[in-house]
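# Topology and contacts: notes
Now for the letters of each chain:
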Amino acid sequence: MAFRHYAHVCALVVLLCALACAPVAGQQQPPASPNYLRLAETGVARAQALWRNPRLHWYDSRLHDRDRYPLATIWDSVPLFEALDAIQLAAPTAAHRAAVIAFADGAERYYDRGLGPVAGYAPYPGDRGKATTWFDDNGWWGLAFLDAYQATGSSRYLRDAERAFRFIASEGWSSNGGGLWWNTAHAYIAGEPLAAGSLLGAELFKLTDRASYRETTLRFIDWGDAHFVSERGLYKRTASDPTPTPYIEGTMVQAHQTLCEAGVGQACAWGRVLANACWERFANRLNMGPQFDAIYLHQMLLYGSRTGETRWRALAEQMAASALAHARGASGLFLRGWDGTPIVEHQAVPNMLQSDAATLELFAWLAAVR
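Everything numeric here is computed off the predicted structure, so don't read it as measured data. Per chain, residues are indexed from 1 in the order of the written sequence. Where local features are concerned, this predicted model is filtered to residues with pLDDT of at least 70; where side-chain atom pairs are given and counted, the filter is 80 or more; whole-chain, interface and lining totals use all residues. Heavy atoms from the whole structure form the basis of all side-chain values; hydrogens and water molecules are not counted.

### Examining the confidence of the model for the protein chain
- Taken over all residues, the pLDDT of the protein chain has a mean of 92, while the share at 70 or more is 92%.
- What pLDDT conveys is the predictor's confidence in a given residue, as a value from 0 to 100. Contacts are assigned to residue pairs that have any heavy atoms within 4.5 Å of one another. Low pLDDT, under 50, characterises residues 1–27; the stretch is placed with one contact to residues that sit more than four places away or in other chains.

### Concerning the pattern of salt bridges
- Basic side-chain nitrogens of Lys or Arg form a salt bridge, by our definition, when they fall within 4 Å of a carboxyl oxygen of Asp or Glu. In total, this model carries 16 salt bridges according to the counting rule given.
- With a shortest N-O distance of 2.9 Å, R62 and D67 are connected by a salt bridge.
- Partly exposed residues are those whose accessible area sits between 20% and 50% of the maximum for their type, while under 20% is buried and over 50% is exposed, using a 1.4 Å probe and protein chains only. For R62, a relative accessible area of 26% translates into the label partly exposed.
- R163 serves as the salt-bridge partner of D160, at 3.8 Å between the closest nitrogen and oxygen. One end of the pair, D160, and the other, R163, are both in helix α6 (residues 155–172), three residues apart, so they sit about a helical turn from each other.
- Its relative accessible area of 14% is what places R163 among the buried residues.
- One salt-bridge network, held together by shared partners, links D105, E108, R156, R159, D160 and R163. Strands are runs of DSSP state E lasting at least two residues, helices are runs of H or I lasting at least four, and both sets are numbered from the N terminus onward.

### Regarding the environment of L360
- With respect to the helices and strands, the residue L360 is situated in helix α13 (residues 353–368).
- Residue classification places L360 among the buried positions, given a relative accessible area of 0%.
- With 37 residues separating them along the chain, L360 and A323 place their C-alpha atoms 9.8 Å apart.
- Residue contacts for L360: discarding those within four places in its chain leaves L39, A40, G43, V44, A47, A83 and F334.

### Considerations on the packing of helix α8 (residues 211–227) against helix α9 (residues 246–261)
- For helices, the axis comes from a line fit to the C-alpha atoms of the stretch in contact; other axes are also lines fit to C-alpha atoms, and the angle between any two N-to-C directions lies between 0 and 180 degrees. Running from amino to carboxyl end, α8 crosses α9 at an angle of 135 degrees, the nearest separation of the two axes being 12 Å. One element, α8, and the other, α9, form an angle in the oblique class. The crossing of α8 and α9 is left-handed. Contacts between α8 and α9 pair T217, L218 and I221 from the former with M252, H256 and L259 from the latter.
- Residue composition of the contact of α8 with α9, by class: four nonpolar, two polar and no charged. Every angle not falling under 35 degrees, over 145, or within 65 to 115 is termed oblique; those three ranges are roughly parallel, roughly antiparallel and roughly perpendicular. What makes a crossing left-handed is the near helix being turned counterclockwise from the far one by less than a right angle; a clockwise turn instead makes it right-handed. Put simply, Ala, Val, Leu, Ile, Met, Phe, Trp, Tyr, Cys and Pro go in the nonpolar bin, Asp, Glu, Lys and Arg in the charged bin, and everything else, Gly too, in the polar bin.

### Some words on unusual backbone geometry
- A positive phi angle, close to 50 degrees, is found at A283, a residue other than glycine.
- Within the fold, A283 resides in the loop between α10 (266–282) and α11 (290–307).
- Its relative accessible area of 19% is what places A283 among the buried residues.
- Of note, the phi angle at N351 is positive, near 65 degrees, even though the residue is not glycine.
- Its location among the elements puts N351 in the loop between α12 (311–326) and α13.
- Accessibility expressed as a relative area gives 35% for N351, which makes it partly exposed.

Here is the structure:
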């Protein structure tokens, strides 16, 4: 008898819950979350088909590029590299892994032994000699190789990432007062190589526990803290342009968080300070361009997942929704800014691989970072 009464109460509770949860007539239900993995997979497959140059066995910088040197530079290519890495990390399969390996093996074509006493990655595949080379490109490329290592387990790509860091630390560091040069022309000290180099060094230290990576990374960051800090404790873009830039700041946040996880205790608090300063300074005002803002959101997604700060995923999903609503043209390619403005307003030219791939990278990291 008691059991029947208990069952009756349970049934009543279930009925009431069902009524409470049932949609009210005319009440709009929240839309389902996009399938970010599917968006990334289908978009990357389309991008690889459209930008692939079968004659030169790589990807063009622009659709139907007829330039003498049409292939994508490191900066053009890195969003596609990271999107492939993230897809494999989100959904490991033999096909996804093979795609990462194929791209990472091709990415080694940028390695130029003739750059200096310590070799690095030149901007164009097959460059050999003293081509002007960007130190932040080596940082982004090294980080993509590290993600390829995480995605495939192949130590070959860890070695590739280490090459990039050695080049930054040896050829990029200014012997006259410190700081990292923008490129091998040594025109000025810049925040992008400081950020990319710091995160790459921190990740290498965390993976290998090698003291030299810790010491060099802390040298970068200590110099930045002493000489390159702008408003709210954020970092300058250059000595003459102190404006904080999201993709520099987000990368520095993650560099601190990675050092924190590797046992550098004071880095934990500084990471939180920088993350809060980013939120105060930028909030959801991200309109620098997909190729820049995807880097910021990638790093802040990782930071949020490791610290439990949910605001960063909410921000990334907000930007993804904006891209889906405004950046996609009739062709299905993401060739506009995430706010729908022409890509020429975001430091790019029309029909670039980097514009489409950066949006796909955002989808892929939303799928990969839980």
